[in-house]
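Coordinate inspection notes
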Amino acid sequence: MSGIPLSWWLTLGTVLFGVGTIGVLTRRNALVVFMSIELMLNAVNLILLAFARQRGDEHGHVLAFFIIAVAAAEAAVGLAIILSVFRHKRSVNLDDVRALKH
Amino acid sequence: MAADLAHLSPLLIVCCVGLGILLLDVFADPKQPKTFIGYVAVVGLLVALAATGWLFATGGVLLTQPYFAVALTLDPFALFGFALILVVAILTTLASVHYLPSQRCEWGEYYSLVVFASLGMMVMVAAADLITMFVGLEIMSVAIYVLAGFKRQSPFAIEAAMKYFFLGAFATGFLLYGLAFVYGATGSTNLNVVAEHFAKNDPGLYGIVIVIMMIVAFGFKIAAVPFHMWTPDVYEGSPSPIAGLMAGGVKTAAFLALARVFLTAFGGADFENLAISWREVFYWLAILTMTVGNILAVVQQNVKRMLAYSSISHAGYILIGIVASRSVDGGAVAGSGLFFYLLAYALSSVGAFAVVSMLGKDGEEDITYGNLAGFAYRHGFAALCMVIFMASLAGIPPTAGFLGKYLVFTDALAATHMNLLPLVLVAVVNSMIGVYYYLKVIVFMYMREPRREFETIRSVPMGIAFGLAALVVVVCGSFPDTTIRWSAKAATGNPSADSAISAASVIDVPAPVATTAK
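None of these values were measured; they are calculated from a predicted model.

This paragraph deals with helix H17 (residues 337–357) of chain B. In an α-helix there are 3.6 residues to a turn, and that puts residues three or four apart on one side. Here H17(B) contains 21 residues, and its C-alpha end-to-end distance of 30 Å stays within 8% of the 30 Å for a straight helix at 1.5 Å per residue. Buried residues dominate H17(B), accounting for 21 of its 21 residues.

And the structure:
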């Protein structure tokens, strides 16, 4: 941290978050979309830790741990859902999953 | 300490019931039906409801242990939310016990997932800290992702689960990004501490980032236009009782959490003066949500999709209640109409989905208007209840939905901080559009000959579920005094605000910036 100003960390975190957001919006492969969401969460962790370092307290670290734990729980459920999509469609392409329509 | 545990009993009971019935399912005879697990869940939730009633009667309690007090607040606001969520969960469970075998997905963990989802919702509405709220949100969401795809042999259910999961997780990302900047700006995530900090300091650029991110995140959860795309697909593909839980429970919890976060933490005057004021944004979102939801509901052929779009348009009406609410002394929610409306809306939609649950058989669900033809001749009671729910959702007296709309609109007209007359006019026009598609359901049920023989589920608990919901909707609409008093009590704000701040300062003593690690 020493030497690297906060704004750099925030910029890096925001760029990673943006990459994740664009990935979710543009990619069609369910696994890649899921990875993009994980990227967004980890970008947030980076921002939190940068803030925690700057402030010199541990609240941000605690929050980051919560996010990591929750992301793990989400990954368990999300991968199970992707797996059952694959069982039905033999594909994890989001464009193939559109039985529900107006 | 012991007193705190007694005061936390609604949450603790629900948690223990969830764990208990999970174990019950493990040791139960796998060949026997799982119906009894559902009844155990109902009894457990009723006990939690009784505990909530006891706390509500005492007017909310203060948690004394600092570590509890910074995380949770048990004010009437939260307790009203607890009661509503528990009632919705009970009705959902009752509607499910005979629905699950008919859809060939009777696995016992269904009930514990419903209970855990309710626990998450309760934690959300009681959260005094953004971390607690986030954890509650995730307890709820992860359970609901699984429940949405519970009918795993059906491609529709799996698609619903996947859409809900991706958009839910995506929204969580935005929530966390906003949360990180709340922490960065204030050094805390406790709502009262955040409010105090922003009362003294200009939110500035961080404030704008926080407001945008939080609005996007909550917009997905409450299904406000333009963040609503997932709703019809998810409601259509999910098991019908779970669609009721999403419309009645998840949305209630999300709205109450939204009200608490924005009115407590971002309720200060400085947030009004930002380049982007959240009140202005919600004003326009409310107009968009009501109008788009209503217009799309008119053209639907599938009753579940119609109900999904109707729930979107109701999110718009509820947003009026939020815009009209004013934070007083950093914490209070003025505008009891919001609470009454949430009650009317939650019970009407969970009841409507319980009636819709009757229309499934043999793992199939086909819920077009045509299938409702002649419904009233076969199921007079269910049809009558459906009429009550439709009337309530449309806002026709003497149902709770009418009074809810009336109270929200009067709150909005009485608001002094903003001219909300145009918003109310748009809402009134929208209510009239809504009458068309709600009446269409009634017309099909009573005035059309059945096109073909169709099988329905005949189930007493399901009947109890929509019968009870209909009774409450009518009673709250005809004799509203008690409910209005409860709503006003829930709106009187946050008795624990002061103690929470003092408790927070015990722990939170912000470390001076100078101690930054080298």
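Past the structure itself, the notes keep going.
The next thing to look at is the nonpolar core. Residue and element names in this part refer to chain B. Of all hydrophobic cores here, the largest spans 233 residues; its most connected members are Phe166, Met214, Phe262, Phe266, Trp278 and Met390. In terms of residue count, the dominant contributor to this core is helix H9 (residues 155–186) (19 residues). Not counting the four nearest positions on each side in its chain, Trp278 is found in contact with Val211, Ile215, Phe262, Leu263, Phe266, Phe271 and Ile322.

Residue and element names in this part refer to chain B. Relative to each other, helix H5 (residues 76–96) and helix H13 (residues 240–265) sit at 170°, their axes nearing to 9 Å. Classed by the angle they form, the pair H5 and H13 counts as roughly antiparallel. Residue-level contacts link Phe77, Ala78, Gly81, Leu84, Ile85, Val88, Ala89, Thr92, Ala95 and Ser96 of H5 to Pro241, Ile242, Leu245, Gly248, Gly249, Thr252, Ala253, Leu256, Ala259 and Arg260 of H13. Counted by class, the contact of H5 with H13 contains 13 nonpolar, six polar and one charged residues.

The final tally for this structure, using the stated rule, is 32 aromatic pairs over all chains. Pairing A:Phe34 with B:Phe165 gives two aromatic rings, centres 5.6 Å apart and planes at 40°, and the pair type is tilted. Separated into two different chains, A:Phe34 in helix H2 (residues 30–55) and B:Phe165 in helix H9 make up a pair that spans both. By the burial criterion, A:Phe34 is buried, and B:Phe165 matches it. Ring centres of A:Phe51 and B:Tyr206 lie 5.8 Å apart, and the angle between their planes is 80°; this geometry places the pair in the edge-to-face category. Of this pair, A:Phe51 sits in helix H2 while B:Tyr206 sits in helix H11 (residues 204–222), which puts the two residues in different chains.

Criteria and cut-off values
- Per chain, residue numbering runs from 1 following the sequence as it is written.
- All chains are assigned letters beginning with A, and all ligands numbers beginning with 1, in the order in which they are written.
- With pLDDT at 70 or above as the cut-off, local features in this predicted model cover only qualifying residues; side-chain atom pairs require 80 or more to be listed or tallied, and sums for whole chains, interfaces and linings still use all residues.
- As a convention, hydrogens and water are excluded, and side-chain values are obtained from all of the structure's heavy atoms.
- Strands are runs of DSSP state E lasting at least 2 residues, helices are runs of H or I lasting at least 4, and numbering of each runs from the N terminus.
- Residue count minus one, scaled by 1.5 Å, sets the expected span of a helix.
- Classification of residues uses two cut-offs on accessible area relative to the type maximum, computed with a 1.4 Å probe and protein chains only: under 20% is buried, over 50% is exposed, and between them is partly exposed.
- Side-chain atoms within 4.5 Å are what join buried Ala, Val, Leu, Ile, Met, Phe, Trp, Tyr and Cys residues into a set we call a nonpolar core.
- What makes two residues a contact is simply this: any of their non-hydrogen atoms within 4.5 Å.
- Fitting a line to C-alpha atoms yields each axis, with helices limited to the stretch in contact; the angle taken between N-to-C directions then spans 0 to 180 degrees.
- Note on terminology: angles under 35 degrees are roughly parallel, angles over 145 are roughly antiparallel, angles of 65 to 115 are roughly perpendicular, and the others are oblique.
- The residue classification treats Ala, Val, Leu, Ile, Met, Phe, Trp, Tyr, Cys and Pro as nonpolar and Asp, Glu, Lys and Arg as charged. All others, Gly included, are polar.
- To pair, rings of Phe, Tyr and Trp, with the six-membered ring standing in for Trp, must have centres within 6.5 Å; the planes then decide the type, stacked if under 30 degrees apart, edge-to-face if over 60, and tilted in the middle.

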